[in-house]
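Secondary and tertiary structure notes
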Amino acid sequence: MRSVKSVMRKLGNTGGKKGFFFTITAIELLMEQETRCLNLSRDVYPEVAKRHQVNVSCVERDIRTMVEDCWLHGNRNLFHEIAGYELDHRPTVKEFLEMLHGYLLENE
């Protein structure tokens, strides 16, 4: 998923954090089946954890940390573009994954 990596790098993230790779895997899963967004805890996090051989709780936490770092130190304008409107708060992991998924679908 080259475009996911590209967007994430433009947001201000690099491959130096586990959340970067967990996000890519989560987006791949959402691209396979969009309805997985309905229950990330059941349908996405366990599969990401399995593929990366980590604990399920690490997945959500590391993606959340990555989103927070991008929000605080990254490209805020791109966050707004991905969301489609001006955000007034840091998106949750679910919001971020849904927004990024939709953005990638529209731009591929």
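Above: the structure in question.
Below: a short report on this structure. Note on numbering: residues in each chain are counted from 1, in written sequence order. Local features in this predicted model are restricted to residues of pLDDT 70 or higher, and side-chain atom pairs are both shown and tallied only at a pLDDT of 80 or more, whereas totals for entire chains, interfaces and linings draw on every residue. By convention in this description, side-chain values take in all heavy atoms of the structure and omit both hydrogens and water.

The next thing to look at is the overall build of the protein chain. On a plain count of helices and strands, the protein chain comes out with seven helices and zero strands. Helix and strand definitions follow DSSP, with helices as H or I runs of at least four residues and strands as E runs of at least two, each counted in order from the N terminus. From first element to last, N terminus to C terminus, the protein chain shows the α and β order α-α-α-α-α-α-α. Radius of gyration here uses only the C-alpha atoms, and the compact-globule reference equals 2.2 Å multiplied by the residue count raised to the power 0.38. Its C-alpha radius of gyration of 13 Å places the protein chain within 12% of the 13 Å reference for a compact globule of 108 residues. Once the C-alpha set of the protein chain is aligned to its principal axes, its extents read approximately 35 × 25 × 25 Å. We call a residue buried when its accessible area falls under 20% of the maximum for its residue type, exposed when it is over 50%, and partly exposed in between, using a 1.4 Å probe and counting protein chains only. Residue burial in the protein chain is summarised as follows: out of 108 residues, 42% are buried. Note on contacts: a residue pair qualifies if any of its non-hydrogen atoms lie within 4.5 Å across the two residues. Partitioning the intrachain contacts of the protein chain with sequence separation of at least 6 by distance along the chain shows that 56% fall at a separation of at least 24. Under the convention used here, a 1.4 Å probe and the Shrake-Rupley method define accessible areas, while residue burial counts only the protein chains that appear. As presented, the protein chain carries roughly 6100 Å² of accessible surface, and 45% of it is formed by carbon and sulfur atoms. Each charge sign in the protein chain was given a centre, from 15 positive and 16 negative side chains, and these centres are 7 Å apart. Note on charges: Lys and Arg go in the positive column, Asp and Glu in the negative column, and His and the chain ends are not counted at all. For the purpose of locating charges, the reference atoms are NZ of Lys, CZ of Arg, CG of Asp and CD of Glu.

On to the nonpolar core, then. Each nonpolar core is a collection of buried residues, namely Ala, Val, Leu, Ile, Met, Phe, Trp, Tyr and Cys, held together in the definition by side-chain atoms within 4.5 Å. Counting 35 residues, the largest nonpolar core has V44, F79, I82, F96, L97 and L100 as the members making the most contacts within it. Contributing elements (two or more residues each) for this core: α1 (2-11), α2 (18-32), α4 (45-52), α5 (56-73), α6 (76-83) and α7 (93-106). Filtering out sequence-adjacent residues up to four positions away, F79 remains in contact with L11, V67, C70, W71, L87, P91 and F96.

Take the packing of α4 against α5 next. Any two packed helices are characterised by how steeply their axes cross, that is the angle between the axes, and by the distance between the axes. Between α4 and α5, the shortest axis-to-axis distance is 8 Å and the interhelical angle comes to 100°. Comparing their axes, α5 and α4 come out roughly perpendicular. Residues Y45, P46, V48 and A49 of α4 form the contact with α5, whose own contacting residues are V56, V59 and E60. Amino acids are sorted into nonpolar (Ala, Val, Leu, Ile, Met, Phe, Trp, Tyr, Cys and Pro), charged (Asp, Glu, Lys and Arg) and polar (every other residue, Gly among them). Taken together, the residues of the contact of α4 with α5 break down into six nonpolar, no polar and one charged. In this analysis an axis means a line fitted to C-alpha atoms, helices contributing only their contacting stretch, and an angle means the value between N-to-C directions, from 0 to 180 degrees. Comment on the angle field: the value is read as roughly parallel under 35 degrees, roughly antiparallel over 145, roughly perpendicular from 65 to 115, and oblique elsewhere.

What follows deals with the pattern of salt bridges. A carboxyl oxygen of Asp or Glu within 4 Å of a side-chain nitrogen of Lys or Arg is what we treat as a salt bridge. In this structure the tally under the stated criterion is seven salt bridges. Between K17 and D69 there is a salt bridge; the shortest N-O distance is 2.5 Å. Placement of K17 in the loop between α1 and α2 and of D69 in helix α5 is noted, with a sequence separation of 52 residues between them. Ionic pairing is found between E60 and R64, a salt bridge with its closest N-O pair at 2.8 Å. Here the residue E60 and the residue R64 both occupy positions in helix α5, the gap between them amounting to four residues, near one helical turn. On the accessibility criterion, R64 (32% relative accessible area) is partly exposed. Each of K18, R61 and D62 takes part in salt bridges that share partners, so that together they form one network.

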